[in-house]
Amino acid sequence: KQAPSVTAGEDGFALKSADGNFVLRLRGYAQADGRFYFQDRHNNGTDTFLLRRVRPILEGTVYRDFDFRLMPDFGNGAASTTILQDAYVEWHYWPWLKVRAGKFKVPVGLEWLQQDMWTSFTERGLPTDLVPQRDVGLQLSGDLFGGVVTYAAGVFNGVVDGGIADLDTSDSKDGVARIFIQPFKKSDIDPLKGLGFGAGGSIGDEQPSSTTTNLASYKTPGQNTFFSYRSGVAPDGLEYRLSPQGYYYWGPLGVLGEYVIADQQLRVGTHDQYVHNSAWQTEVSFVLTGEDASYNGVTPRHPFDLSKGGWGAFEFVGRYGDLHIDPRAFNQNPTASGLRFASPITAAQEAREWAVGLNWYLNKNIKFVLDYDVTAFDG
């Protein structure tokens, strides 16, 4: 009896029924990079232009209380093997209890949960190497006290550190939980409204399979692998991760920090050993044009428009981080014929990274990023 509405704006295109119970939204984003390695005498990295992310998004609502989202990825040189990043449905009758099933981001790492469009740097920092990325599972989540407390807990197939997968390779499953608190979000204390802190973690029993060792390799922000386990090494029991995390935003200033520990029992030959890896980082951002910094990016006060004299918003960012591999991964074991979990010749024991960058938000939908990133290694 009433015509549906059609809208178009900075949040995408939408078709909505008159009663609001059915919504279809067409969105998406793309990231085109130029990645160049300086002083790379041994050609460890290839200078290249690339389409890092190309992700159309189809999402919407049916029968008012059910949301869905589909997001494939054609980027990162994977055009012939398209990756399905998100595919889930979520029931959200109450704000304090939502039920989500499908494939989506695992709620552990703080920077990992930040949308790709709003990260401070072109690539995420070293702690992302140790947290699960996307997995298939069932999750309960919600907002309490008007968003002061946000929680998520779920059961997932389980993926390796920094991993993404569509199916499990063993019968065991991972339990995941996260809580995040913004104690002053609803207060009148403006300098503290942007303070948030919490922790996320996961636990599971990991085993190898006939098709995969179920062990991760770790990469620098430049996407070069600097650590991997030797052939013959396999997970053999409990793996858990823990990530205390927090951020603070006030006016143009933003600070984000997190720490991740990842413990896993490994086996090589007849030798078992727990390996304790850890990573941390601190990011600082400052919006030079005076707009408010936030976890969800910067909205320019004057979008780029030469006819109106608008130049968008400019943001300076800096970061320092470290990823440390347990020294026991490199120790020779005399009871296992000198076998090691990792070779000290081909794998680094520690990576330390610092980076600076300038972000130019032309408008809410277009962002230009210039980063300079240095990673140094021990071992």
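This text follows the structure it describes.
Residues numbered from 1 in each chain as written. Predicted model: local features only at pLDDT ≥ 70, side-chain atom pairs only at ≥ 80, totals over all residues. Heavy atoms only, no water.

**Describing the overall build of the protein chain**
From N to C terminus, the protein chain includes 1 helix and 19 strands. The C-alpha radius of gyration of the protein chain comes to 22 Å, within 12% of the 21 Å expected for a compact globule of 379 residues. Seen along its three principal axes, the alpha-carbon backbone of the protein chain occupies a region of about 75 × 50 × 45 Å. Residues counted as buried form 45% of the 379 residues belonging to the protein chain. Element-wise, carbon and sulfur atoms account for 59% of the exposed surface of the protein chain, whose accessible area totals about 19,200 Å². Here the protein chain contributes 34 positively and 44 negatively charged side chains, and the mean placements of these two sets differ by 4 Å. (Helix = DSSP H or I, 4+ residues; strand = E, 2+ residues; numbered from the N terminus. Rg over C-alpha atoms; globule rule 2.2 N^0.38 Å. Buried < 20%, exposed > 50% of the residue type's maximum accessible area, 1.4 Å probe, protein only. Areas by Shrake-Rupley, 256 points an atom, 1.4 Å probe, with all protein chains shown as cover. Lys, Arg positive; Asp, Glu negative; His and termini not counted. Charge placed at Lys NZ, Arg CZ, Asp CG, Glu CD.)

**Quick look at the side chain of aspartate 168**
When you line up the elements, aspartate 168 lands in the loop between strand E9 (149–156) and strand E10 (174–181). At 3.3 Å, the side chain of aspartate 168 forms a polar contact with the backbone nitrogen of serine 170. In terms of polar contacts, aspartate 168 uses its side chain to reach the side chain of lysine 173, at 3.0 Å. With near-sequence residues (within four places) excluded, aspartate 168 lies in contact with Asn157, Gly158 and Lys173. (Polar contact = N/O pair within 3.5 Å; in protein donor to acceptor, adjacent residues only side chain to side chain. Contact = heavy atoms within 4.5 Å.)

**So, empty space enclosed by the protein**
The tally for this structure, following the rule as stated, stands at 3 cavities of 30 Å³ or more. Approximately 100 Å³ is the volume attributed to the largest cavity. If you trace the largest cavity, you find 17 residues lining it, with Ser120, Tyr249, Ser285, Ser294 and Glu315 closest to the centre. Broken down by secondary-structure element, the contributors of at least two residues to the lining of the largest cavity are strand E15 (253–268) and strand E16 (271–287). Across the lining of the largest cavity, the residue classes tally to 8 nonpolar, 7 polar and 2 charged. (1 Å grid on protein atoms, 1.4 Å probe; cavity = no way out; pocket = protein on both sides within 12 Å on 5 of 7 lines; lining within 4 Å. Points joined across faces, edges and corners; volume = space filled by probe spheres on them. Nonpolar A, V, L, I, M, F, W, Y, C, P; charged D, E, K, R; others polar.)

**Let's talk about the pattern of salt bridges**
Inspection of every chain in the model, using the stated rule, returns 25 salt bridges. Two residues, glutamate 123 and arginine 35, come together in a salt bridge whose shortest N-O distance is 3.7 Å. In this pair, glutamate 123 is assigned in the loop between helix H1 (110–113) and strand E8 (134–144) and arginine 35 in strand E3 (residues 23–35), connecting sequence segments 88 residues apart. With relative accessibility at 9%, the residue glutamate 123 sits in the buried group. Residue arginine 35 is classed as buried on the basis of its relative accessible area of 18%. (Salt bridge = Lys/Arg side-chain N within 4 Å of Asp/Glu carboxyl O.)

**Here's the deal with the pairing of strand E17 (residues 313–324)**
Pairing analysis gives 10 bridges linking E16 to E17, with the strands arranged antiparallel. Counted as the bridge partner of serine 285 is valine 317 from E17. (Pairing = 2+ DSSP bridges.)

**Looking at the layout of surface pockets**
Put simply, the second largest pocket is a space of about 1,000 Å³. In terms of lining, the second largest pocket is formed by 44 residues, of which the most central are Gln133, Gly162, Gly163, Ile164 and Lys219. At the level of elements, strand E4 (48–62), strand E6 (83–94) and strand E12 (217–219) are the ones that each hand at least two residues to the lining of the second largest pocket. Element by element, the count of residues in the lining of the second largest pocket is highest for E4, at 3 residues. Partitioning the lining of the second largest pocket into residue classes produces 12 nonpolar, 17 polar and 15 charged.

**Overview of the packing of aromatic side chains**
In this structure the tally under the stated criterion is 22 aromatic pairs. Taking the centre distance of 5.6 Å and the plane angle of 40 degrees together, the rings of tryptophan 280 and tyrosine 320 count as tilted. Here tryptophan 280 is found in strand E16, whereas its partner tyrosine 320 is found in strand E17, with 40 residues between them in sequence. Counting every residue linked through ring pairs, the aromatic cluster contains Trp91, Tyr93, Trp94 and Trp96. A cation over a ring is seen here: arginine 100 above tyrosine 88, with NZ or CZ 4.1 Å from the ring centre. Lysine 364 extends its terminal NZ or CZ atom over the ring of tryptophan 118, reaching a point 4.7 Å from the ring centre. (Phe/Tyr/Trp six-rings, centres within 6.5 Å; stacked < 30°, edge-to-face > 60°. Lys NZ or Arg CZ within 6 Å of the ring centre and 35° of its normal.)

**Here we look at the side chain of aspartate 33**
Inspection of the secondary structure assignment puts aspartate 33 in strand E3. Summary of buried charges: aspartate 33 has no salt-bridge partner, and the nearest side chain of opposite charge, arginine 35, is 4.7 Å away. A polar contact of 3.0 Å, which involves the side chain of aspartate 33, links it to the side chain of glutamine 31. Those residues in contact with aspartate 33 that lie beyond four places of it in its chain are Thr48, Phe49, Leu50, Arg52, Thr122 and Glu123.

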